[in-house]
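Each chain is listed here by its residues.
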Amino acid sequence: MEDFKKEVSTSQENAATLSSVQETAGIAEADVDATSKEVSTDTDGDETPQEDVTAISSSPQTTGFAAAIAAATSGEVASDEDTYLEPEAYSGSTFSPSTDENREVVCYAPKTDGGGTLRIVRTGRSDSQGGFIKHDEVLANFGLEVTQLNKHTQVSLILTNGKTLVGYITLSKSRKGFYFPKKLAEQTLTLPPSGHRLPIRVKTLIIG
């Protein structure tokens with residue numbers, strides 16, 4: 001009987017000890033969780049508050065519009081000169097040729113004396129269309145492979161009469177060669193009607 005009482009007493013003590021250990025472990029685990037939420041360790045071993053880690057994140061932040069504007073303009077701002085840069089010409093309906101006389105260009109002379117003959121056509125049936133010269137004619141007369149150049153590069157044709165025809169390189173699927181906007185072309189010559197082509201004698205070809 002005494003042995004039975006001792007066993008019961010020992011079991012109760014062991015249960016109490018186990019409960020105490022589990023409770024202590026639970027408290028320790030809770031402390032670890034709390035600490036892990038507050039502190040993060042970087043690769044150098046320095047402790048960094050978790051709030052700072054979130055603050056320096058590059059992920060998008062959701063905020064109010066006014067607050068976003070205030071935050072974006074809170075530091076130093078650049079001058080207008082550093083914000084609005086020099087206008088750049090681009091090809092298209094509003095193409096404007098460069099007037100920089102000191103820019104670098106490459107000049108090509110015709111293969112034959114007296115000038116190379118290039119044929120200019122309308123790019124469409126309407127009289128509002130610009131002029132176009134095919135790349136194979138440029139290659140045949142000046143030895144220049146247009147398709148190896150950058151599209152939208154400015155082109156100037158110095159005609160044998162001393163006048164200049166200005167356009168740019170086009171490399172679309174349907175057209176590869178020189179394109180001359182109507183307003184620019186007709187300052188130098190009269191573009192042919194649709195279905196016709198106008199041979200012109202070119203003394204020098206300038207790229208750039």
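Located above this text is the structure these notes cover.
Rules of the game
Residues numbered from 1 in each chain as written. Predicted model: local features only at pLDDT ≥ 70, side-chain atom pairs only at ≥ 80, totals over all residues. Heavy atoms only, no water. Helix = DSSP H or I, 4+ residues; strand = E, 2+ residues; numbered from the N terminus. Areas by Shrake-Rupley, 256 points an atom, 1.4 Å probe, with all protein chains shown as cover. Core = buried A, V, L, I, M, F, W, Y, C linked by side-chain atoms within 4.5 Å. Buried < 20%, exposed > 50% of the residue type's maximum accessible area, 1.4 Å probe, protein only. Contact = heavy atoms within 4.5 Å. Salt bridge = Lys/Arg side-chain N within 4 Å of Asp/Glu carboxyl O. Pairing = 2+ DSSP bridges. Lys, Arg positive; Asp, Glu negative; His and termini not counted. Phe/Tyr/Trp six-rings, centres within 6.5 Å; stacked < 30°, edge-to-face > 60°.

Novice: Could you give me a rundown of the overall build of the chain, with the residues and numbers involved?
Specialist: A tally of regular secondary structure across the chain gives six helices and nine strands. Summing over all exposed atoms, the chain offers an accessible surface of approximately 15100 Å²; the carbon and sulfur share of this is 51%.

Novice: Account for the nonpolar core, naming residues and giving values.
Specialist: Counting 21 residues, the largest nonpolar core has Ile133, Leu157, Leu165, Phe178, Phe180, Ile200 and Leu205 as the members making the most contacts within it. Elements represented by at least two residues in this core include exactly β4 (116–122), α5 (135–142), β6 (154–159), β7 (164–171), β8 (176–180) and β9 (197–207). Considering every element that reaches this core, the biggest residue donor is β9, with four residues. Excluding its chain neighbours within four sequence positions, the residues that come into contact with Leu205 are Val106, Cys107, Tyr108, Val138, Phe142, Leu144, Val155, Ser156, Leu157 and Phe178.

Novice: Report on the environment of Leu159, specifying residues and quantitative values.
Specialist: Relative to the elements of secondary structure, Leu159 occurs in strand β6. Taking the C-alpha atoms as reference, Leu159 lies 5.9 Å from Arg201; in sequence the two are 42 residues apart.

Novice: Give me the lowdown on unusual backbone geometry, citing residues and values where you can.
Specialist: Look at His152: it is not a glycine, yet its phi comes out positive at around 75°. Along the chain, the position of His152 falls in the loop between α5 and β6.

Novice: Which residues make up the pattern of salt bridges, and what values do they have?
Specialist: On inspection of all chains with the given rule, the structure shows three salt bridges. Between Asp136 and Lys134 there is a salt bridge whose closest N-O contact spans 4.0 Å. Assessed through its relative accessible area of 38%, Asp136 is described here as partly exposed. Judged by relative accessible area, Lys134 falls into the partly exposed class, the value being 45%. Note that Glu186 and Lys182 form a salt bridge whose closest N and O atoms lie 3.1 Å from each other. Taken together, the salt bridges that share partners define one network made up of Arg122, Lys182 and Glu186.

Novice: Please set out the environment of Ala185 residue by residue, giving values where relevant.
Specialist: Examined against the element boundaries, Ala185 turns out to sit in helix α6 (residues 182–185). C-alpha of Ala185 to C-alpha of Gly131: the two residues are 54 residues apart in sequence and 7.1 Å apart in space. Excluding its chain neighbours within four sequence positions, the residues that come into contact with Ala185 are Leu165, Phe180 and Leu191.

Novice: Break down the pairing of strand β5 (residues 131–134) for me, citing the residues and quoting the values.
Specialist: Bridging between β4 and β5 involves two bridges; their strand directions are antiparallel. Residue Val121 lies in a different strand from β5, and its bridge partner there is Phe132. Of the strand pairs in this sheet, β5 and β8 are connected by four bridges, and their pairing is antiparallel. Paired with Ile133 across the strands is Phe178, a residue of β8.

Novice: Please give an account of the side chain of Thr170 that cites residues and values.
Specialist: Turning to its location among the elements, Thr170 is positioned in strand β7. On the basis of relative accessibility, which here comes to 15%, the residue Thr170 falls in the buried class. Those residues within four positions of Thr170 in sequence are excluded, and the remaining contacts are Phe132, Arg175, Lys176, Gly177, Phe178 and Tyr179.

Novice: Kindly report on the side chain of Glu137, identifying the contributing residues and their values.
Specialist: Within the secondary structure, Glu137 is located in helix α5. In this structure, Glu137 is buried with no salt-bridge partner, the nearest side chain bearing the opposite charge being Arg119 at 4.1 Å. Excluding anything up to four places from it in sequence, Glu137 contacts Thr117, Leu118 and Arg119.

Novice: Give a description of the pairing of β8 that names residues and reports values.
Specialist: Every other side chain in a regular strand lies on the same face of the sheet, so the side chains alternate between the two faces. The element β8 is largely enclosed, with a buried count of four among its five residues. Across four bridges, the pairing between β7 and β8 is antiparallel. Note that in β8 the partner of Ile169 across the bridge is Phe178.

Novice: Requested: an account of the packing of aromatic side chains, with residues and values cited.
Specialist: The tally for this structure, following the rule as stated, stands at two aromatic pairs. Summarising the aromatic geometry, the rings of Phe178 and Phe180 are spaced 6.5 Å apart at their centres and angled 85° between planes, so their arrangement reads as edge-to-face. The pair Phe178 / Phe180 is uniform in exposure class, with both members buried.

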